[in-house]
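# Residue-level structural notes
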Amino acid sequence: MLPSDSHVHTEWSWDCLAGSMTASCRKAVDLGLRSIAFTEHTDFTAWLIPPEAIQTMPGKYREMVRDDGTLLPPPLDVAGYLSCVEECRSRFPGLRVLSGLELGEPHWHSAKVKEVLRGGAFDRVLGSVHSLRDGPHALVVERLHGIRGPDELLRDYLAEALAMVEGSDAFEVLGHLDYPVRAWPAGAGPFEPGPFEEHFRAVLRALAASGRVLEINTAVPLDAVIVRWWRDCGGKWISFGSDAHEPDEVARDFARMGALAEGCGFVPGRDGGDFWRRG
């Protein structure tokens with residue numbers, strides 16, 4: 001039995017080009033998943049986009065860039081999204097379909113976050129850092145590779161993740177703690193978490209102390225040593241997330257990462273739910 005997928009995006013996420021909630025549910029059923037959570041992007045940060053990058057972006061994204069060169073994602077259509085969730089619950093009665101959000105930098109936007117959370121009942125709320133401030137602007141992390149060295153960027157990212165954990169209680173699950181590794185420069189050599197152990201542990205200790213959940217995101221599978229640090233720091237819960245932006249990506253690499261989690265001392269929840277627990 002594969003772990004449940006607690007981090008999936010569909011046509012309701014502003015950045016999805018090929019998302020489909022219905023097709024993602026069908027994929028989950030085909031894989032034998034017990035549940036799936038649709039955690040749609042909910043972003044309030046305006047990102048500065050370099051002019052040369054704008055020209056290479058899909059048209060859907062280019063239309064979001066304002067005259068000042070910043071991209072401000074459109075708001076989530078909460079009513080439409082929740083209606084689609086209910087439709088999928090009816091169509092797939094054997095699948096537990098969870099509603100959810102992925103909040104970007106919620107500690108920067110507490111008032112707006114509170115407002116969107118009042119707009120509906122959400123089963124799963126992730127907190128994620130996707131960007132860092134660079135002078136007066138915010139840049140998506142991928143854009144900062146080359147502006148900052150990879151080691152500096154990862155340390156800055158983990159400091160911001162710590163600030164998010166300590167500065168916001170709006171989310172339950174910490175998403176993709178190793179996000180900068182997705183664009184790790186080839187010239188920097190293979191990523192090794194060891195040199196950043198204390199920076200990772202600082203975030204993990206704060207997250208564990210708050211009783212929240214660490215995500216194993218399989219877009220770039222989390223290194224086993226970080227999962228072991230999570231256990232060492234008192235972490236009790238793990239969530240699995242494919243970060244799928246199209247149906248075929250649902251539960252990608254979950255069999256291998258489930259085995260990794262078991263090797264680090266975590267087991268499926270007693271009730272068959274989607275969080276794994278410390279064994």
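I will try to describe carefully the structure that is included in this document. (Residues numbered from 1 in each chain as written. Predicted model: local features only at pLDDT ≥ 70, side-chain atom pairs only at ≥ 80, totals over all residues. Heavy atoms only, no water.)

Helix and strand counts for the protein chain stand at 10 helices and 13 strands. Against the compact-globule benchmark of 19 Å for 279 residues, the protein chain has a radius of gyration of 18 Å, which places it among compact chains. Its C-alpha atoms give the protein chain principal-axis dimensions of roughly 50 × 40 × 35 Å. For the protein chain, buried positions account for 55% of its 279 residues. (Helix = DSSP H or I, 4+ residues; strand = E, 2+ residues; numbered from the N terminus. Rg over C-alpha atoms; globule rule 2.2 N^0.38 Å. Buried < 20%, exposed > 50% of the residue type's maximum accessible area, 1.4 Å probe, protein only.)

We now examine the environment of Arg-155. With respect to the element layout, Arg-155 can be found in helix 7 (residues 150-167). Residue classification places Arg-155 among the partly exposed positions, given a relative accessible area of 35%. The spacing of Arg-155 and Leu-2 is 153 residues in sequence and 33 Å in space, taken between C-alpha atoms. Those residues in contact with Arg-155, other than ones at most four positions away along the chain, are Phe-196 and His-199. (Contact = heavy atoms within 4.5 Å.)

Where charged atoms from two side chains of opposite charge come close, those side chains can pair. One pass over the structure, following the stated rule, counts 11 salt bridges. For Arg-148, the salt bridge goes to Asp-156, with nearest N and O atoms at 2.7 Å. A residue is classified by how much of its surface remains accessible, and Asp-156, at 27% relative accessible area, is partly exposed. A network of salt bridges, in which partner residues are shared, links Glu-86, Arg-89 and Asp-123. (Salt bridge = Lys/Arg side-chain N within 4 Å of Asp/Glu carboxyl O.)

What follows deals with the sheet that holds strand 2 (residues 35-42). Reading across from one edge, 1-2-5-6-9-10-11-13-12 is the order of the 9 strands in this open sheet, with mixed pairing throughout. This sheet does not close on itself; its edge strands, each paired only once, are strand 1 (5-8) and strand 12 (266-268). Pairing geometry for strand 5 (residues 96-104) and strand 6 (residues 124-128), over 5 bridges, is parallel. The residue bridging Gly-104 from the neighbouring strand is Ser-128, located in strand 6. Here helix 5 (residues 110-118) sits on the sheet in contact with strand 2, strand 5 and strand 6, set at roughly 165 degrees to strand 5. (Pairing = 2+ DSSP bridges. Axes fitted to C-alpha atoms, helices over the stretch in contact; angles between N-to-C directions.)

Moving on: the packing of aromatic side chains. Evaluation of the coordinates by the stated rule reveals 9 aromatic pairs. An angle of 85 degrees between the planes, with centres 6.5 Å apart, marks the rings of Trp-184 and Phe-196 as edge-to-face. Here Trp-184 is found in the loop between strand 9 (173-174) and helix 8 (197-209), whereas its partner Phe-196 is found in the loop between strand 9 and helix 8, with 12 residues between them in sequence. Here Trp-184 matches Phe-196 in class, with each residue buried. These aromatic residues form a ring-pair network of at least three members: Trp-14, Trp-47 and Tyr-61. The ring of Trp-108 has Arg-133 lying over it, and the distance from NZ or CZ to the ring centre is 3.9 Å. Positioned above the aromatic ring of Phe-171, the side-chain terminus of Arg-212 is 4.4 Å from the ring centre. (Phe/Tyr/Trp six-rings, centres within 6.5 Å; stacked < 30°, edge-to-face > 60°. Lys NZ or Arg CZ within 6 Å of the ring centre and 35° of its normal.)

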